[in-house]
Amino acid sequence: MQSVEKYIQAPDGTSIFASIKGSGQALVLCDGLGCDGFIWRYLEPMLAEHFQVIHWHYPGHGFSQMPCDADKVGIEDLREILKTVLDELGVEEAILFGHSLGVNVSLDFAVTYPERTSALVLCCGSYADPIATFHDSEFSEYIFEGLNFLTKRYPQMSRGVWRGLLGSGLGFQLAKFSEINGELLRPADMKPYFEHLAKMNVELYFHMVGKARGHSTETQLASIVQPTLLVAGENDTFTPCWLSQRMAQQIQDAQLHVVAQGTH
């Protein structure tokens, strides 16, 4: 299937990569943090048979440029970049399909620009700070703060450890131990994720996590009237299933599908 690739200038001047496949109603894929599309490997070709699928990369991700303004990487900033992408492509209204951090971005876009949002598909995500609910443990916040401090204080050392850990295959083993179902997931499916993550700027990664921490659309969920499908993993420890259950209760026209034994 033919794919059109474009570079679109974000409000701060950053060059943002976007690919367009298929035709019909626009459907936008919004990645998780540190992702550049590996999660859509099986879904994107099927979706492109029925929709015009738009997949864009966040600043510092995939083929997009590192942010021109390092502070313009919060949820609100990503929302505005998404609006710019749609404006440049001439898309007035789209279905937003978000995974992980992409759920935060999709929700914020929907409550800010409801007239530009026709429906939502929210997969394994949250409406607020993902670190606060990570493994449902208060220690996660302390661990994040410590790692964020180390990457800023010792950037060169942090980059070496980051690339060594993720590039050695150890990252997959750790993920299998704590985050994913190794019996259901093939290592080859996760390999592109860890390869991309290993190349990513570690300071930007933790900076974006920090920027997302103060953001929430919880009090605005009831204002969302677009048809919404929530997909949650039964055993997701990164964004626990109860987050999707809470969203399903608050969003007016929402349906919830829980994937048995599913993880993040």
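Scroll up a little and you will see the structure.
Reading the values: rules and limits
- Residues numbered from 1 in each chain as written.
- Predicted model: local features only at pLDDT ≥ 70, side-chain atom pairs only at ≥ 80, totals over all residues.
- Heavy atoms only, no water.
- Helix = DSSP H or I, 4+ residues; strand = E, 2+ residues; numbered from the N terminus.
- Buried < 20%, exposed > 50% of the residue type's maximum accessible area, 1.4 Å probe, protein only.
- Axes fitted to C-alpha atoms, helices over the stretch in contact; angles between N-to-C directions.
- Parallel < 35°, antiparallel > 145°, perpendicular 65-115°, else oblique.
- Left-handed = near helix turned anticlockwise from the far one by under 90°.
- Contact = heavy atoms within 4.5 Å.
- Nonpolar A, V, L, I, M, F, W, Y, C, P; charged D, E, K, R; others polar.
- 1 Å grid on protein atoms, 1.4 Å probe; cavity = no way out; pocket = protein on both sides within 12 Å on 5 of 7 lines; lining within 4 Å.
- Points joined across faces, edges and corners; volume = space filled by probe spheres on them.
- Arc of directions from axis to C-beta.
- Pairing = 2+ DSSP bridges.
- Right-handed = clockwise from strand over helix to strand, strands pointing away.

Caption draft 1: Highlighting unusual backbone geometry. One non-glycine residue, Ser100, lies in the positive phi region at around 55°. Structurally, Ser100 can be placed in the loop between strand 5 (94–99) and helix 3 (101–112). Of the residues examined, Ser100 reaches a relative accessible area of 11% and is grouped as buried. For Gln261, which is not a glycine, the phi torsion comes out positive at approximately 65°. Looking at the element boundaries, Gln261 is found in the segment after strand 8 (254–259). What makes Gln261 partly exposed here is its relative accessible area of 46%.

Caption draft 2: Looking closely at the packing of helix 2 (residues 75–89) against helix 3. Viewed as axis vectors pointing N to C, helix 2 and helix 3 meet at an angle of 70°, and their least axial separation amounts to 9 Å. Taken together, the axis directions place helix 2 and helix 3 in an arrangement best described as roughly perpendicular. Relative to helix 3, helix 2 is oriented so that their crossing is right-handed. For the pair helix 2 and helix 3, contact is made by Ile75, Glu76, Leu78, Arg79, Leu82, Lys83 and Leu86 and by Leu101, Asn104, Val105, Asp108, Phe109 and Thr112, respectively. Of the residues in the contact of helix 2 with helix 3, the class split is seven nonpolar, two polar and four charged.

Caption draft 3: Quick look at the layout of surface pockets. Its boundaries defined by the atoms lining it, the second largest pocket holds a volume of some 310 Å³. Only strand 1 (3–9), strand 2 (15–21) and helix 1 (43–47) provide two or more residues apiece to the lining of the second largest pocket. With three residues, strand 2 is the largest single contributor of residues to the lining of the second largest pocket. Tallied by class, the residues present in the lining of the second largest pocket amount to eight nonpolar, five polar and five charged.

Caption draft 4: Examining helix 9 (residues 241–250) more closely. Buried residues of helix 9: Cys241, Leu243, Ser244 and Met247, and no others. Burial along helix 9 is one-sided: seen end-on, the buried residues are contained in an arc of 160°.

Caption draft 5: Spotlight on the pairing of strand 6 (residues 117–123). Within strand 6, seven of the seven residues are buried, leaving the element largely enclosed by the surrounding structure. Strand direction decides the pairing type here: strand 5 and strand 6, joined by six bridges, are parallel. Within the sheet, the bridge partner assigned to Leu96 lies in strand 6 and is Leu120. You can see the chain leave strand 5, run along helix 3 and come back into strand 6, and the turn it takes is right-handed. Here four bridges tie strand 6 to strand 7 (residues 228–233), and the two strands are oriented parallel to one another. Pairing of Cys123 across the sheet is with Val231, part of strand 7.

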